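Listed here are the chains, written in short residue letters.
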Amino acid sequence: MSPKRKMALVIFILLTISLLSRYGAQHITLEQLKTSHLRLQTYYSENPIKTLSMFTVLYIGFTALSLPGATVLTVSAGVIFGFWVGLVAVCLASNIG
């Protein structure tokens with residue numbers, strides 16, 4: 001493995017760990033999704049690439065570490081991004097994870 005790939009892997013792991021520690025599984029519930037639905041959609045409409053990137057990294061971390069909450073993340077992808085964009089994001093992230 002080349003040094004650039006090793007560095008990218010280390011950065012990815014550190015980013016995943018930091019996101020999971022900040023937005024852990026205990027905070028991802030359907031009730032929280034209902035209460036923050038409008039705020040999440042507004043943030044997505046203002047920052048679509050950043051939102052999709054953060055969601056994808058979070059979903060990869062959840063599936064790679066087999067953490068509970070992936071089902072709620074899958075539903076939230078449809079709620080936040082819409083059916084087709086959410087479907088692509090979840091399929092991509094779950095396959096990578």
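Q: Describe the overall build of the chain, listing the residues and the values that go with them.
A: Broken down by element type, the chain carries 6 helices and 0 strands. A total of 97 residues make up the chain; the buried ones form 30% of that total. When the accessible surface of the chain is totalled, it reaches about 6600 Å², and 69% of it is carbon and sulfur.

Q: Residues and numbers for the packing of aromatic side chains, please.
A: All chains considered together, the criterion is met by 4 aromatic pairs. Seen from their ring centres, Phe55 and Tyr59 are 5.8 Å apart, and the 40° between their planes marks the pair as tilted. You can see Phe55 and its partner Tyr59 sitting in helix H4 (residues 48-64), 4 residues apart, about one turn around the helix. Taken together, a centroid distance of 4.8 Å and an interplanar angle of 85° make the contact between Phe83 and Trp84 edge-to-face. In this structure, Phe83 and Trp84 share a single accessibility class: exposed. Following the ring pairs from residue to residue traces out a cluster consisting of Tyr44, Phe55, Tyr59 and Phe81.

Q: How would you summarise the side chain of Ser76 if you had to cite specific residues and measurements?
A: Examined against the element boundaries, Ser76 turns out to sit in helix H5 (residues 70-81). In this structure the side chain of Ser76 is engaged in a polar contact, spanning 2.7 Å, whose partner is the backbone oxygen of Leu73. If we ignore the near neighbours within four places in the chain, the residues touching Ser76 are Leu33 and Phe55.

Q: Account for a nonpolar patch on the surface, naming residues and giving values.
A: On the surface, a cluster of nonpolar side chains totalling about 380 Å² of accessible area is made up of Phe83, Trp84 and Leu87. Structurally, Phe83 can be placed in helix H6 (residues 83-96). Residue class for Phe83 comes out exposed when judged on its relative accessible area of 56%.

Q: Please give an account of the environment of Lys34 that cites residues and values.
A: In this structure, Lys34 sits in helix H2 (residues 30-35). Taking relative accessible area as the criterion, Lys34 reaches 68% and is therefore assigned exposed. For the pair Lys34 and Ser76, spaced 42 residues apart in sequence, the C-alpha separation works out to 9.4 Å.

Q: So what's going on with H6? Which residues, and what values?
A: Relative to the 20 Å expected for 14 residues at 1.5 Å per residue, H6 spans 20 Å between its end C-alpha atoms, a close match to the ideal helical length. Along H6, the positions that sit buried rather than exposed are Gly86, Ala89, Val90 and Ala93. Along the long axis of H6, the arc covered by the buried residues comes to 95°, so they all point the same way. Residues of H6 that are exposed and point more than 90 degrees away from the buried face comprise Trp84, Val88 and Asn95. Buried-residue contacts for H6 involve H4 and H5.

About the criteria used
Residues numbered from 1 in each chain as written. Predicted model: local features only at pLDDT ≥ 70, side-chain atom pairs only at ≥ 80, totals over all residues. Heavy atoms only, no water. Helix = DSSP H or I, 4+ residues; strand = E, 2+ residues; numbered from the N terminus. Buried < 20%, exposed > 50% of the residue type's maximum accessible area, 1.4 Å probe, protein only. Areas by Shrake-Rupley, 256 points an atom, 1.4 Å probe, with all protein chains shown as cover. Phe/Tyr/Trp six-rings, centres within 6.5 Å; stacked < 30°, edge-to-face > 60°. Polar contact = N/O pair within 3.5 Å; in protein donor to acceptor, adjacent residues only side chain to side chain. Contact = heavy atoms within 4.5 Å. Patch = residues over 30% accessible without salt bridge, like charges linked within 9 Å, V, L, I, M, F, W, Y side chains within 5 Å. Salt bridge = Lys/Arg side-chain N within 4 Å of Asp/Glu carboxyl O. Expected span 1.5 Å × (residues − 1). Arc of directions from axis to C-beta.

So yeah, pure geometry; function would need other evidence.
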